[in-house]
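Chain by chain, the residues run as shown.
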Amino acid sequence: MLKQETVNRADAAAMARQVGIDFGASLTVALAYIGDRLGIFKLMAAGESLTSSQIAERTGLNERYIREWASTMAAAGYIEYDSARAAFRMNREQAMVLVQEDNTFFTGGAFQYAVACYRQITKLMEAFRNGGGVPFTDFGPEIVEAIERLFHAGYEAWVAEQWIPAVSGLKAKLDLGAEVAEVGCGAGQCIVPVATTYPNSRFTGYDVDAISIELARAKSARAGVADRLFFEQTAAEKIASADHFDLVMAFNCIHDMAHPRAALAGIRRALKPGGVFLWSEAQAADQLEENFSPVGRTMYAASTMHCMTVSLAQGGEGLGSVISEKLARELVQEAGFSGLDRLPVKNPYHQIFVIRK
């Protein structure tokens, strides 16, 4: 046992408070997942002030559970509480974040992502003991939906309208008609809106996950671009085409891949001479300690519970999701590119790299 004089009690108390905050947050995420999946948030998005009985009646759920759930959400600041009426309501800003999926503030998919990770803890512990990892397929279809919900609004707002036009000559090329690919395309959250914006260009999406490809094809059909947007269940390093694409995109996915260095080399091979590789990763600094922040904590935690482990499960490198500009530069040079530029576009989540063949 530590001697009393060696312990800073104020620091210990602060640490205990932080653990308590994190404990409450972890349970809040699980309950918010329930609110998202059972449509409680969606009901409240209209902004009407409702008692727990009214919420229960309209959702067909148990009032006692609703009352305790709503109390948790109000304490967390996810909804508001009117003490005079003992009623709960969701304001417009809360609805933007929790319900309205067509704006860049929406983060409701985060609850799905977290719970999908929670479900893999037993397998993850085995990986801690024995190495290896948890395969992407073990996370189930819900992780695919979670990722699509987390990212689609941002990609729809930024890629075609901001990132591509910021690269000299690239928008004009796509306007005229170009060959474009996206690796790690997921459920089509990026490539479908880009294809919609540039009707004279042809597109190919690559992903190793069958469920993602199936959902991407369905999204493409709904958007009316399936005649010039094609999908292949293929890893980036195995793309058959060489000197074919004017633009290859890879957004927030290289770090997940089993063989990221080979993937980057495959992307270079697939590009035409003078072609552009547009690559994004989360904002991250070079030094570990520079990422000690709430955002850094989220990046390392997501990496441990999902990004890194799905790579290791394939016998991969397990690069991890924290990719600084310095590391990105080293990786592309190893793949045969001469270097990279950072796109001069401000973004709350992404650093965007431009690499030319």
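Scroll up for the structure.
Structure report, in brief. (Residues numbered from 1 in each chain as written. Predicted model: local features only at pLDDT ≥ 70, side-chain atom pairs only at ≥ 80, totals over all residues. Heavy atoms only, no water.)

Strands in a sheet are paired, the pairing made by backbone hydrogen bonds, and the direction either parallel or antiparallel. If you trace the seven strands from one edge of the open sheet to the other, you get β5-β4-β3-β6-β7-β9-β8, paired in mixed fashion. Each having just a single partner strand, β5 (229-233) and β8 (341-342) make up the two edges of the open sheet. When strand β4 (residues 202-207) meets β5, the two strands line up parallel, connected through five bridges. The partner of Tyr206 across the bridge, within β5, is Glu232. (Pairing = 2+ DSSP bridges. Helix = DSSP H or I, 4+ residues; strand = E, 2+ residues; numbered from the N terminus.)

Before going further, it helps to spend a moment on unusual backbone geometry. Positive phi outside glycine occurs at Asp243, with the angle close to 50°. The backbone of Asn252 shows a phi angle near 55°, a positive value even though the residue is not glycine. Looking at the secondary structure, you find Asn252 in the loop between β6 (245-251) and α12 (260-270).

For the rest of this paragraph, the subject is the pattern of salt bridges. Tallied over the entire structure, the rule returns 22 salt bridges. Notably, a salt bridge pairs Asp22 with Arg297, separated by 3.1 Å at the nearest N-O pair. Residue Asp22 is located in helix α1 (residues 9-37), and its partner Arg297 is located in helix α13 (residues 294-313); the two are separated by 275 residues in the primary sequence. With a closest N to O distance of 3.2 Å, Asp138 and Lys123 form a salt bridge. Taken as a pair, Asp138 in the loop between α7 (121-130) and α8 (141-163) and Lys123 in helix α7 lie far apart in primary sequence, 15 residues in all. Put simply, Asp36, Arg37, Glu101, Arg119, Glu142, Glu145 and Arg149 are held in one network by salt bridges that share partners. (Salt bridge = Lys/Arg side-chain N within 4 Å of Asp/Glu carboxyl O.)

Moving on: the packing of aromatic side chains. With the rule as written, the count across this model stands at twelve aromatic pairs. Each ring, one from Trp158 and one from Trp163, has its centre 6.3 Å from the other, and the planes form 15°; the classification is stacked. Here Trp158 and Trp163 have matching classes, each one buried. Pairing Trp279 with Phe353 gives two aromatic rings, centres 5.5 Å apart and planes at 65°, and the pair type is edge-to-face. One end of the pair, Trp279, is in strand β7 (residues 271-282); the other, Phe353, is in strand β9 (residues 350-356), and 74 residues separate them in sequence. A relative accessible area of 0% means that Trp279 is categorised as buried. (Phe/Tyr/Trp six-rings, centres within 6.5 Å; stacked < 30°, edge-to-face > 60°. Buried < 20%, exposed > 50% of the residue type's maximum accessible area, 1.4 Å probe, protein only.)

What follows covers the pairing of β9. Burial analysis of β9 places six of its seven residues in the buried class, the great majority of the element. Pairing of β7 with β9 involves seven bridges; the strand directions are antiparallel. The residue of β9 that forms the bridge with Val276 is Arg356. Across two bridges, β8 lies against β9 in antiparallel orientation. Paired with Asp341 across the bridge in β9 is Val354.

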